[in-house]
Amino acid sequence: VNPYGFTKVASDAVAHCYSHLHKMNITLIRISSAYGPRGRPDMIPRILIESICEGKPVRKFGDGTATRTWVYITDIVAAFMAALKNPQGGFEEFNTGTPNSTTLNDLIECAEKVVGKK
């Protein structure tokens, strides 16, 4: 069992129980992998851009076919704003995301094009 995943499920369950027992409105918004200005330095979009700009090799785990969904920060902000403007009452859960997933190889190729290195 992944401890990170377990803590997310457990905290969702606590929030759900608290909402039900205390008649509180609670809204959970789950954030997918975000990218955009001022992104965290330990996240792959920033690591890729910096590595490519500095001419360093890009470190891959596996063959680069693993996928992830990436959501631009303004779309995540829009999700929060929509939840704030339209409270449903009770316990609500929303996932930010996109129907499109991107392989690491595709992300590297995109970063190379953006930086002008390929």
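Refer to the structure presented above.
Residues numbered from 1 in each chain as written. Predicted model: local features only at pLDDT ≥ 70, side-chain atom pairs only at ≥ 80, totals over all residues. Heavy atoms only, no water.

### A look at helix H1 (residues 3-22)
Move 1: Its 20 residues give H1 an end-to-end C-alpha distance of 28 Å, which sits within 8% of 28 Å, the value for a rise of 1.5 Å per residue.
Move 2: For H1, the set of buried residues is Asp-12, Ala-15 and Ser-19. One side of H1 holds all its buried residues, which, seen down the axis, span an arc of 60°. Away from its buried face by more than 90 degrees, H1 exposes Pro-3, Phe-6, Val-9, Val-14, His-20 and Leu-21.
Move 3: Residues of H1 that are buried make contact with strand S1 (26-30) and strand S5 (91-95).
Move 4: With a side-chain oxygen positioned 2.7 Å from the backbone nitrogen of Tyr-4, the residue opening H1 is Asn-2.
Move 5: In the segment just after H1, Lys-23 is the residue with positive phi, at about 50°. (Helix = DSSP H or I, 4+ residues; strand = E, 2+ residues; numbered from the N terminus. Expected span 1.5 Å × (residues − 1). Buried < 20%, exposed > 50% of the residue type's maximum accessible area, 1.4 Å probe, protein only. Arc of directions from axis to C-beta. Contact = heavy atoms within 4.5 Å. Polar contact = N/O pair within 3.5 Å; in protein donor to acceptor, adjacent residues only side chain to side chain.)

### Some words on the environment of Thr-69
Move 1: By secondary structure assignment, the location of Thr-69 is in the loop between strand S3 (67-68) and strand S4 (70-72).
Move 2: Along the sequence, Thr-69 and Ser-32 sit 37 residues apart, while their C-alpha atoms lie 6.9 Å from each other.
Move 3: Ignoring sequence-local partners within four residues, the contact set of Thr-69 consists of Ser-32, Ser-33, Thr-98, Asn-100 and Ser-101.

### Re the environment of Ala-111
Move 1: Following the sequence through the fold, Ala-111 ends up in helix H4 (residues 104-115).
Move 2: For Ala-111, a relative accessible area of 6% translates into the label buried.
Move 3: Ala-111 sits 99 residues away from Asp-12 along the chain, and the two C-alpha atoms are 35 Å apart.
Move 4: Each residue touching Ala-111, except ones within four places of it in the same chain, is listed here: Leu-48, Ile-49 and Ile-52.

Such coordinate-based values are descriptive only and should not be taken to indicate function.
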